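Chain by chain, the residues run as shown.
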Amino acid sequence: PRRLAPARLGHAAVRRWQPATYTGLRFVHDAAEARDCGETTHLHFRETRQPHPLKAKPWEKTGDEANKEFNDRYATTSNHIWTKEEIDHQMANLWQHRPQTFSDRFVHGAMYGLYRVFNFITGYKAENTPVRAVEWRLIVLESFAGVPGFVAAMFRHFRSLRSLTRDHGWIHTLLEEAENERMHLLTCMKVFKAGPITRMLVISAQVIMTPFVGALYIVKPGAAHRFVGYLEETACLTYANIIHQVETSGTPLHAEWSDLAAPNIAKTYWKLSDEAKFVDVLKCMFADECNHRDVNHTFATMSSDDPNPFVYKHQEDALRAWRLEADGATTDLGCEKTLGTKAR
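A quick note: this is a predicted structure, and the numbers were derived from the prediction, not measured. (Residues numbered from 1 in each chain as written. Predicted model: local features only at pLDDT ≥ 70, side-chain atom pairs only at ≥ 80, totals over all residues. Heavy atoms only, no water.)

Chemist: Please explain the overall build of the protein as it appears in this structure.
Modeler: Within the protein one finds 13 helices and two strands. For the protein, with 344 residues in total, the buried portion stands at 47%. Residue pairs at least 24 apart in sequence account for 66% of intrachain contacts in the protein once pairs closer than 6 positions are excluded. Roughly 17900 Å² of accessible area belongs to the protein as shown, and the carbon and sulfur atoms make up 58% of that amount. (Helix = DSSP H or I, 4+ residues; strand = E, 2+ residues; numbered from the N terminus. Buried < 20%, exposed > 50% of the residue type's maximum accessible area, 1.4 Å probe, protein only. Contact = heavy atoms within 4.5 Å. Areas by Shrake-Rupley, 256 points an atom, 1.4 Å probe, with all protein chains shown as cover.)

Right under this line is the structure:
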């Protein structure tokens, strides 16, 4: 006689007593039969026909969705959808904060000291930069830049729990920043390949950066945000220089990247047109870094219990992204190869 696997034993028991499971109506003898019945069993949800909200099951992925690089059902925080005018304004205003206090000077010296070492290690130079040096640099930079926002959000989250008080909206902005940097990294990984040395640098940067930012945030949160503001300044300078070289004939980056198509993950995330080029993606990443620079320099001047002034901006970003999605429209960043196509 077949034995019934009791519900209290859960999925492990069903796998151990595989001969029979109970659907609520009758016994079935294997997972395939349970799926054919379309009924709930004690099997793991991936082995049933029950719908999954993220369409994670193989038989739920058909046609274009099965091959889609980045499924927008895997929800990300709504990012600002940049326009050509906004990016041109940022390009013309590459401002840098001048240190005012001792802590400002300390973190400024630390950041720009690391910047010079980073330039030396990656072989980066401002003119005729080798393509491989830029690929290496962007991967390490984005893996490095994705750490502070998450660390700061974690500390503020725990502080809110300990003190039984509100966070005043900072956590959301910090997590959005961390996710945005991670999306930069994932975008780069669709275009570049990371070798063993690059991966070692990524791990080393994370091992060093996490405790440093954490310790700084415990001692002086404003100094931590100032440090990140200086970090983003260097990122803005790097991206502006890379974009200039890509758009300048005769440079190695122009030869390699001027006709390079944007990866699908970037088209979905920044609402770019199907004809978008990788230089359009670089412009979006540049504008994101300018935004992070401004946000962190602002946070550095605020008290920890001041309300976050960027909350309404997130709502506006989400609304704009929703409208573009609903209209089936995209943004256009003015690349001469895509200008006028699906412009909004």
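Chemist: Can you help me understand a nonpolar patch on the surface in this one?
Modeler: Side chains of Val-117, Phe-120 and Ile-121 sit close together on the surface and give an oily, nonpolar patch of about 330 Å² of accessible area. Along the polypeptide, Val-117 turns up in helix H5 (residues 102-122). With a relative accessible area of 47%, Val-117 lands in the partly exposed category. (Patch = residues over 30% accessible without salt bridge, like charges linked within 9 Å, V, L, I, M, F, W, Y side chains within 5 Å. Salt bridge = Lys/Arg side-chain N within 4 Å of Asp/Glu carboxyl O.)

Chemist: I'm lost on the side chain of His-314 in this one. Help?
Modeler: In this structure, His-314 sits in helix H13 (residues 311-327). Take His-314: its relative accessible area is 12%, and that puts it in the buried class. Looking at His-314, its side chain comes within polar contact range of the side chain of Thr-173, at 2.7 Å. Discounting chain neighbours no more than four positions away, the residues touching His-314 are His-172, Thr-173 and Glu-176. (Polar contact = N/O pair within 3.5 Å; in protein donor to acceptor, adjacent residues only side chain to side chain.)

Chemist: In this structure, what is going on with the pattern of salt bridges? I would like to understand it.
Modeler: When their charged atoms lie close together, side chains carrying opposite charge are able to pair. Tallied over the entire structure, the rule returns nine salt bridges. Residue Arg-293 pairs with Asp-294 through a salt bridge whose shortest N-O separation is 2.8 Å.

Chemist: Whenever I open this one, the packing of helix H7 (residues 170-189) against helix H9 (residues 221-246) confuses me. Can you help?
Modeler: Axes are the key here: two packed helices are described by the angle between their axes and the distance separating the axes. Direction vectors running N to C along H7 and H9 enclose 30 degrees, while the axes themselves pass 15 Å from each other. The way H7 lies across H9 gives a crossing that is left-handed. Contacts from Trp-170, Leu-174, Glu-177 and Glu-181 in H7 reach His-225, Val-228 and Glu-232 in H9. Here the residues of the contact of H7 with H9 are counted per class, giving three nonpolar, one polar and three charged. (Axes fitted to C-alpha atoms, helices over the stretch in contact; angles between N-to-C directions. Left-handed = near helix turned anticlockwise from the far one by under 90°. Nonpolar A, V, L, I, M, F, W, Y, C, P; charged D, E, K, R; others polar.)

Chemist: Help me understand the side chain of Ser-258, please; the structure alone is not making it clear to me.
Modeler: By the element assignment, Ser-258 lies in the loop between helix H10 (252-257) and helix H11 (264-269). We classify Ser-258 as buried; its relative accessible area is 10%. A distance of 2.7 Å separates a polar side-chain atom of Ser-258 from the backbone oxygen of His-254.

Chemist: Can you help me understand unusual backbone geometry in this one?
Modeler: Excluding glycine, most residues fall at negative phi; most peptide bonds, likewise, are trans. The phi angle at Asn-128 is positive, at roughly 50 degrees, despite the residue not being glycine. One can find Asn-128 in the loop between H5 and helix H6 (131-163). Positive phi, close to 60 degrees, is recorded for Leu-164, a residue that is not glycine. In this fold, Leu-164 is placed in the loop between H6 and H7.

Chemist: Would you explain H13 in this entry?
Modeler: For an α-helix, the turn length of 3.6 residues means that residues three or four places apart are oriented alike. Over its 17 residues, H13 runs 25 Å from end to end, which matches the ideal 24 Å to within 8%, given 1.5 Å per residue. Residues of H13 that are buried: His-314, Asp-317, Ala-321 and Leu-324. Considered in projection along H13, the buried side chains sweep an arc of 95 degrees and stay on one side of the axis. In H13, the exposed residues that point more than 90 degrees away from the buried face are Tyr-312, Glu-316, Trp-322, Ala-326 and Asp-327. Buried residues belonging to H13 abut H7. Gly-328 occupies a position one or two residues after H13 and carries a positive phi of about 65 degrees. (Expected span 1.5 Å × (residues − 1). Arc of directions from axis to C-beta.)

Chemist: Which parts of the structure should I look at to understand the nonpolar core?
Modeler: Considering soluble globular proteins, one finds that nonpolar side chains tend to be buried as a cluster. Residues Leu-138, Ile-242, Trp-257, Trp-270, Val-281, Leu-282 and Phe-286 are the most contacted members of the largest nonpolar core, which totals 42 residues. When residues of this core are traced back to their parent elements, those giving at least two are H6, H7, H9, H10, H11 and helix H12 (278-299). No other element matches the nine residues that H12 contributes to this core. Discounting residues that sit within four places of it in the chain, Val-281 has contacts with Thr-187, Ala-262, Pro-263, Ala-266, Trp-270 and Leu-272. Among the nonpolar cores identified, the runner-up in size contains 28 residues, and Leu-174, Met-209, Val-213 and Leu-216 belong to it. (Core = buried A, V, L, I, M, F, W, Y, C linked by side-chain atoms within 4.5 Å.)

Chemist: Even after reading the chapter, I still don't get the environment of Asp-104, so can you show me in this structure?
Modeler: In this fold, Asp-104 is placed in helix H5. Measuring from C-alpha to C-alpha, the distance between Asp-104 and Ala-223 comes to 6.6 Å, with 119 residues separating the pair along the chain. Ignoring anything within four residues of it in the chain, the contact list for Asp-104 reads His-97, Pro-99, Arg-226 and Tyr-230. A polar side-chain atom of Asp-104 sits 3.2 Å from a polar atom in the side chain of Arg-226.

Chemist: Hey, could you run me through the packing of aromatic side chains in this one?
Modeler: Any pair of aromatic rings gets described here by the distance separating the centres and the angle formed by the planes. Overall, the coordinates contain ten aromatic pairs when judged by the stated rule. Centroid distance Phe-192 to Phe-278: 6.0 Å. Interplanar angle 90 degrees. Geometry classified as edge-to-face. Of this pair, Phe-192 sits in the loop between H7 and helix H8 (196-219) while Phe-278 is found in helix H12, placing the two residues 86 residues apart along the sequence. Phe-278 carries the same exposure label as Phe-192, and that label is buried. (Phe/Tyr/Trp six-rings, centres within 6.5 Å; stacked < 30°, edge-to-face > 60°.)

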